[in-house]
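So you can see what is in the structure, the chains are spelled out below.
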Amino acid sequence: MALPQVKIGRSRPAQGPSRWFVRLRDYAYLVRLHRPIGIFLLMWPALWALWLAGEGHPPWPIVLIFVSGVVLMRSAGCAINDYADRDFDGHVARTNQRPLATGVVSPGEAVAVFMVLSLVAFALVLLLNWQTVALSVVALALTLVYPFMKRFTHVPQLFLGAAFGWAIPMAYMAVGGAIPAIAWILFGATLIWALIYDTQYAMVDREDDLKIGIKSTAILFGNQDRLVIGLLQVLMLGLLLWVGLLAGRGLWFYGGLAVAAGFSVYQQWLTRDRIPRACFEAFLNNNYFGMAVFVGLVLDYAVGD
């Protein structure tokens, strides 16, 4: 679908040292360091997997590599996402001030940022075993492919979930040298979680997306969006409960799940009228969902054993 071009000129570039500061600021906005929610949503499943794989005592060098990799790859994902959406973001109220939409960052610069950050992340992965290095190639491919899926399918969130969840098999491989069945159950829970929070996110932009031809689960589910999200929330909590049973976890872990379930109910309340701002708050609230599961897991290993 052809869209009219939004012509927004560049402001006059700053001179001297301040010019470099302005460029760094523009790149920071490109990778959304001012909005770390994506980092948290990617980080929590990785930490769940590291603690489970390490039975409460994951090697700290591996933890630091994964946390750093999360920050780098989420940032790289933002850069390539904005490149993919460069012809659409200017027509969506929530995204029309992003650096590519306003012209302060060029498409070529966005691709360069993606490549540099991906290479740095890959350099970190080289510190791990070769099997984890091989798995990281899949993570890079998923990060690269996801932003373009909204043109072809109403479920691009499945690709986002796979990209965000791929840290789980990588974590198990890095810590234990194998990927047991429990890792894939946790991966499935994370994929479903992405369907939940990214549908809430897409509910914010649904009207704009319909106008410009962007596909999403919010459009696919229509008036049944809250019902479907509710069913997915129950399914995800059920999978996390299964993970806890397989891992032999105790009351602290299940207490964390109970708190997370409370956040799920709160998200349903927030989206009851489908007000865009409230839907965005529901999306942001998923950070606390992931945190609750992780805190319960940490306390269960630290206090429960």
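For the structure given in this document, a descriptive report is provided here. (Residues numbered from 1 in each chain as written. Predicted model: local features only at pLDDT ≥ 70, side-chain atom pairs only at ≥ 80, totals over all residues. Heavy atoms only, no water.)

Observations regarding the side chain of S136
Line of reasoning, step 1. If you trace the backbone, S136 turns up in helix 6 (residues 130–149).
Line of reasoning, step 2. When neighbours within four sequence positions are excluded, S136 is seen to be in contact with F122, V125 and M170. (Helix = DSSP H or I, 4+ residues; strand = E, 2+ residues; numbered from the N terminus. Contact = heavy atoms within 4.5 Å.)

A few points about unusual backbone geometry
Excluding glycine, residues mostly have negative phi values, and the peptide bonds linking residues are mostly trans.
Line of reasoning, step 1. In the Ramachandran plot, R32 falls in the positive-phi region, its phi being about 55° despite a non-glycine side chain.
Line of reasoning, step 2. Looking at the secondary structure, you find R32 in the loop between helix 1 (17–30) and helix 2 (37–53).
Line of reasoning, step 3. The exposure class assigned to R32 is buried, which follows from its relative accessible area of 10%.
Line of reasoning, step 4. Despite not being glycine, E55 has its phi angle at roughly 50°, a positive value.
Line of reasoning, step 5. Its place among the elements puts E55 in the loop between helix 2 and helix 3 (60–84).
Line of reasoning, step 6. Of the residues examined, E55 reaches a relative accessible area of 57% and is grouped as exposed. (Buried < 20%, exposed > 50% of the residue type's maximum accessible area, 1.4 Å probe, protein only.)

Considering the packing of helix 2 against helix 8 (residues 167–176)
Line of reasoning, step 1. Here helix 2 crosses helix 8 at 30°, and the two axes come no closer than 8 Å. Classed by the angle they form, the pair helix 2 and helix 8 counts as roughly parallel. For helix 2 against helix 8, the interelement crossing comes out right-handed. Contacts between helix 2 and helix 8 pair P45, A46, A49, L50, L52 and A53 from the former with A167, I168, A171, Y172 and V175 from the latter.
Line of reasoning, step 2. Class assignment for the residues of the contact of helix 2 with helix 8 results in 11 nonpolar, no polar and no charged. (Axes fitted to C-alpha atoms, helices over the stretch in contact; angles between N-to-C directions. Parallel < 35°, antiparallel > 145°, perpendicular 65-115°, else oblique. Left-handed = near helix turned anticlockwise from the far one by under 90°. Nonpolar A, V, L, I, M, F, W, Y, C, P; charged D, E, K, R; others polar.)

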